[in-house]
Amino acid sequence: MKSVKVIAPATAANLGPGFDVFAVALKQPHDIVEVEVKDTPGIEMEISGYSVPTEPRKNTGGYVAMRMLESFRIKDGLRIKLQKNIPPAMGMGSSAASAAGVAYCINKLFDLKLPTDDLIQFASYGEIISAGDAHADNVAGAIQGGFSLVISREPIHVMNLEPPEDMGVVIATPNIEKGSTKLSREAVPREIPIISLRENVGHASLLAIGMATKNIDYIKKGMNDVVVEPSRVRYGIFREFSKLKKLGQELNAGIAGSGAGPSILGIIEKNKREELAKGMKEIFENAGYHCDLFITEVGEGVREV
Ligand code: HSE
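What you are looking at is a predicted structure, and each value in this text was computed from that prediction instead of being measured. (Residues numbered from 1 in each chain as written. Predicted model: local features only at pLDDT ≥ 70, side-chain atom pairs only at ≥ 80, totals over all residues. Heavy atoms only, no water.)

Can you walk me through the site of the ligand in this structure?
Taken together, A13, N14, F19, D20, H135, D137, N138, R185, R232, G259 and A260 make up the full set of residues adjacent to the ligand. In this structure, an oxygen atom belonging to the ligand sits 3.0 Å away from a side-chain N or O atom of N138. Take R232: an N or O atom from its side chain is 2.8 Å from an oxygen atom of the ligand. Considering the ligand on its own, with 260 Å² of exposed area, one finds that the protein chains cover 97% of that surface. Here the shell around the ligand is composed, by residue class, of 3 nonpolar, 4 polar and 4 charged. (Near = heavy atom within 4 Å. Polar contact = N/O pair within 3.5 Å; in protein donor to acceptor, adjacent residues only side chain to side chain. Areas by Shrake-Rupley, 256 points an atom, 1.4 Å probe, with all protein chains shown as cover. Nonpolar A, V, L, I, M, F, W, Y, C, P; charged D, E, K, R; others polar.)

How should I be thinking about the nonpolar core in this particular structure?
Nonpolar side chains tend toward joint burial in soluble globular proteins. Residues V35, L78, V102 and I106 are the most contacted members of the largest nonpolar core, which totals 68 residues. Top element by residues in this core is helix α2 (residues 94–109). It accounts for 9 residues. Those residues in contact with V35 that lie beyond four places of it in its chain are K2, S3, V4, L78, R79, I80, V102, C105, I106 and L109. Core analysis: the second largest hydrophobic core is formed by 19 residues, V170, L244, I255 and A277 among them. (Core = buried A, V, L, I, M, F, W, Y, C linked by side-chain atoms within 4.5 Å. Buried < 20%, exposed > 50% of the residue type's maximum accessible area, 1.4 Å probe, protein only. Helix = DSSP H or I, 4+ residues; strand = E, 2+ residues; numbered from the N terminus. Contact = heavy atoms within 4.5 Å.)

I tried to follow the packing of helix α3 (residues 116–131) against helix α4 (residues 137–144) on my own but got confused; where do I start?
One way to put it is that α3 packs onto α4 with a least axis distance of 8 Å and a crossing angle of 130°. The angle between the axes of α3 and α4 places the two elements in the oblique class. Crossing of α3 against α4: the hand is right-handed. Where α3 abuts α4, its residues T116, L119, I120, A123, S124 and E127 lie against N138, V139, A140, I143 and Q144. Of the residues that constitute the contact of α3 with α4, the class distribution is 6 nonpolar, 4 polar and 1 charged. (Axes fitted to C-alpha atoms, helices over the stretch in contact; angles between N-to-C directions. Parallel < 35°, antiparallel > 145°, perpendicular 65-115°, else oblique. Left-handed = near helix turned anticlockwise from the far one by under 90°.)

Would you explain the side chain of N138 in this entry?
Within the secondary structure layout, N138 lies in helix α4. When neighbours within four sequence positions are excluded, N138 is seen to be in contact with T11, A13, A23, G93, A96 and E127.

What exactly am I supposed to notice about helix α9 (residues 241–251) here?
In an α-helix, one turn spans 3.6 residues, which is why side chains three or four residues apart end up on the same side. Turning to α9, its buried residues number three or more, namely F241, L244, L247, G248 and L251. Along α9, the residues classed as buried sweep out an arc of 120° about the axis, all on the same side. Turned more than 90 degrees from where α9 packs its buried face, S242, K246, Q249 and E250 sit exposed. Two residues or fewer after α9 comes N252, characterised by a positive phi angle close to 55°. (Arc of directions from axis to C-beta.)

I keep staring at the pairing of strand β3 (residues 43–49) and nothing clicks. Help me out?
Each regular strand displays side chains that alternate between the two surfaces of the sheet. Inspection of the sheet shows β3 paired to strand β4 (residues 77–84) by 7 bridges, in the parallel sense. Bridged to G49 within β4 is K84. Assessed by its sense of winding, the connection that carries the chain from β3 through helix α1 (residues 60–71) to β4 is left-handed. (Pairing = 2+ DSSP bridges. Right-handed = clockwise from strand over helix to strand, strands pointing away.)

Please explain the sheet that holds strand β9 (residues 264–269) as it appears in this structure.
Within a sheet, neighbouring strands are paired by backbone hydrogen bonds and run either parallel or antiparallel to one another. Strand order in this open sheet of 4 strands is β8-β9-β7-β10, and the pairing throughout is antiparallel. Because the sheet does not close on itself, it has two edges, and the strands there are β8 (254–257) and β10 (291–297). With direction set aside, neighbouring strand axes in the sheet form an average angle of 20°. Where β8 lies against β9, 4 bridges are found, and the strand directions are antiparallel. The partner of I255 across the bridge, within β9, is G266.

Explain the environment of A23 to me, please; I cannot follow it from the model alone.
By secondary structure assignment, the location of A23 is in strand β2 (residues 22–38). You can call A23 buried: its relative accessible area is 0%. Placed 216 residues apart in sequence, A23 and R239 show a C-alpha to C-alpha distance of 21 Å. Filtering out sequence-adjacent residues up to four positions away, A23 remains in contact with A12, A13, L15, D137, N138, G141, G146, F147 and S148.

When you look at the packing of aromatic side chains in this model, what are you seeing that I'm missing?
Two numbers describe a pair of aromatic rings. These are the distance of the centres and the angle of the planes. The tally for this structure, following the rule as stated, stands at 5 aromatic pairs. A centroid spacing of 6.2 Å and a plane angle of 75° characterise the contact between F284 and Y289, whose relative ring orientation is edge-to-face. The residues F284 and Y289 share a single accessibility class, namely buried. Each residue in the set F72, F122 and Y125 is aromatic and connected to the rest through ring pairs, giving one cluster. A cation over an aromatic ring shows up here: R67 above the ring of Y125, its NZ or CZ 3.9 Å from the ring centre. (Phe/Tyr/Trp six-rings, centres within 6.5 Å; stacked < 30°, edge-to-face > 60°. Lys NZ or Arg CZ within 6 Å of the ring centre and 35° of its normal.)

For this particular structure, what's the right way to read α4?
Counting buried residues in α4 gives 8 out of 8 residues, a clear majority hidden from the surface. Residues of α4 that are buried include every one of D137, N138, V139, A140, G141, A142, I143 and Q144, and no others. Contacts made by the buried residues of α4 are with β1 (3–13), β2, α2, α3, β5 (147–153) and β6 (156–161). G145 sits one or two positions beyond α4 and adopts a positive phi of about 75°.

Below is the structure:
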């Protein structure tokens, strides 16, 4: 039977001011996604690793498969195998990795030759299942790799840039249950003052210039959000945030919430990652949380194994 098997990376979205726009693909952790054509109709799912729904319409990858089969009038049945190594509901793009991996495999299996924007559009439908909204930042990051930007949603248009070679990434994941991404998105303000818009546009611009010119200091300084993160802090989704920001200032690191949380993203030169990771872990442990760390860097997008 025909099959395609891919690596689908974790992603950290937003990077502070780029809500639903910015994301970086991470070198670790990543899921393994395999889609196989089967000789009976319908979609079957096999999941290993972290537990996620196995019913296709409740699974971000399964739902993307349903939408693609329907859109391209494909009658074949599919077996989707997900090896989930990215912790779900932690702000590391676990739902996006399933969705992006499945979209990539189906595009390849049926030779659909979808342009990147369209592929990302299909993958974003998976987020309707986990987030209640087809936000495209994580799936754009997972498919493109590097640093990615969702320039517009309707019509969807994405871009991507290679970050500076020396840029290291730390993800600190405290054992805080934020509930679903959908709940975390309910903490996002519906209206914002014009001065907040001005602040965020300024910082987002600096961050994007930093990526384009490979200037890590601009990237770190750009990781400042006065809109979404403060609200998520108030909702208890990002904990110990002011202490983490202070640590960032002391070590000259950029600190931001990782996607919808509760994980925190740190950006620093590769040779200083361990020090930053130790400090982040200490802050969470001193507050009584268990904290897992991913000491990594920006990596490639979905690719065949
Ligand atoms: N931009 C999305 C959010 C990312 O912050 O809700 C979800 O991982």
